[in-house]
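# Architecture and fold: a report
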Amino acid sequence: MSQARPKKPIPEPSPSASVVLVSPTNQVLLLHRVKTSTSFASAHVFPGGNVDAKHDGEVPPPENAAQRHADGPAYRVAALRECFEESGILLAKGKDGKLMNLSEAVRDDGRRKVHNGEIKFGDWLEGVGAVPDVDGLIPFTRWITPPPTPKRLLTQMYLCPELPPKALPQQAPRSPLIPINGPHFGGMEHTRPNSRPIRLDPPPPTTPSACSSSLLARFFPATRNRTPGIPPAREPPPNHPTSAIPWAEKIISPRVLKVREDGYVVLGLDKASAEVEGIRDGKVRGGLFDAVVVVNLKAKGGPWNLGVFGRDEALRGEIGPPASGKL
């Protein structure tokens, strides 16, 4: 009788951070991953990446799960550093308390040195008389890659509605592309920047950022006035625990709720991961109950036709596949 193979241990998600840059006309900055990327090739993503202890500081260890899975200085600095390396947009303030507007040559030199590890991000900022604008970031959900995915991430998302002068268009551009001059020092994952509008009602799932922008649409009206805890576009079920969780503290680890007859998968957004659910401090943790993702996960080259819909309609199959568009 053959013995059952021992289960492989579930890998600990790596801490990372990402920032959504929002222009005065509600345009968001997306970077386009190259076709040769090892994961999510050709996808459009927000600036971000792994926390680097050298540049950003230490994240609490897995044993301290409550602090590890919470907003903190290392996550904020990582979001600012990755944004700077990947896009050249520097979110840092000078001695006058205003966002720095350094020359392109100075920024490109700093991006290269920081990315190559020639200087710590904080030391470079100090050299140009700046400090990272960590207070300018608004926490907006936390995403955890569910198992059995071998490469798991714990991604703290931030929203940044205050940008340096001329960082993004002050008026809605005719072209969806926002040119950013200078070389790219964020590795070989991204190519050109791209923009998509955030609509203040859930947008159609034809844009590459449909999932994130749909959730942003629920949160965004409050961010200009820094008003926490706005009600969602759709009222959640009465007394459901996730309805009381502020957007800054929502933790989402997508899980399969149903595989529909049309081949599309319905992913729930209400549960946190096992790492978080094991924290026993009496605090409710989770994401969104009333919204789900409908997506084709088996498409060649990665997820296609992704959209965010109401939970009940999606589970009943009343909502058809989204319009064609790659995540």
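Preceding this section is the structure that the text describes.
Throughout this document, residue positions are counted from 1 along each chain, in the order its sequence is written. pLDDT decides what is reported in this predicted model: residues at 70 or higher carry local features, side-chain atom pairs at 80 or more are listed and counted, and totals for whole chains, interfaces and linings draw on all residues regardless. Neither water nor hydrogens contribute to the side-chain values; these are computed over all heavy atoms in the structure.

Now for the pattern of salt bridges. We define a salt bridge as a contact between a side-chain nitrogen of Lys or Arg and a carboxyl oxygen of Asp or Glu at a distance within 4 Å. Tallying each qualifying case throughout the model produces 14 salt bridges. Ionic pairing is found between glutamate 275 and arginine 152, a salt bridge with its closest N-O pair at 2.5 Å. On the criterion of sequence distance, the pair formed by glutamate 275 in helix H7 (residues 274-277) and arginine 152 in the loop between strand S7 (138-144) and strand S8 (153-160) is long-range, its members being 123 residues apart. Ionic contacts of the salt-bridge type, sharing partners, join the residues Asp56, Arg81, Glu82 and Glu85 into one network. Counting from the N terminus, the helices are the DSSP runs of H or I reaching at least four residues and the strands are the DSSP runs of E reaching at least two.

On to unusual backbone geometry. With an omega of 10°, the peptide bond running from proline 147 to proline 148 counts as cis. The backbone of threonine 141 sits at a positive phi, close to 70°, despite the residue not being glycine. Within the secondary structure layout, threonine 141 lies in strand S7. A relative accessible area of 0% places threonine 141 in the buried class. Only protein chains enter the calculation, and the probe is 1.4 Å; a residue is then buried if its accessible area is under 20% of its type maximum, exposed if over 50%, and partly exposed in between.

Now for the packing of aromatic side chains. Aromatic rings from Phe, Tyr and Trp, with only the six-membered ring used for Trp, were paired whenever their centres fell within 6.5 Å, and each pair was classed as stacked if the ring planes differed by under 30 degrees, edge-to-face if by over 60, and tilted otherwise. Inspection of the entire model under this criterion finds three aromatic pairs. Considering the side-chain rings of phenylalanine 84 and tryptophan 124, the 5.1 Å spacing of their centres and the 25° angle between planes classify their relative orientation as stacked. Placement of the pair is phenylalanine 84 in helix H3 (residues 73-87) and tryptophan 124 in helix H5 (residues 121-127), with a sequence separation of 40 residues. Comparing phenylalanine 84 with tryptophan 124 shows no difference in burial state: the two are buried. One aromatic cluster is present, built from ring pairs that chain together Phe84, Phe121 and Trp124.

Purely spatial values, then, with no claim about function.
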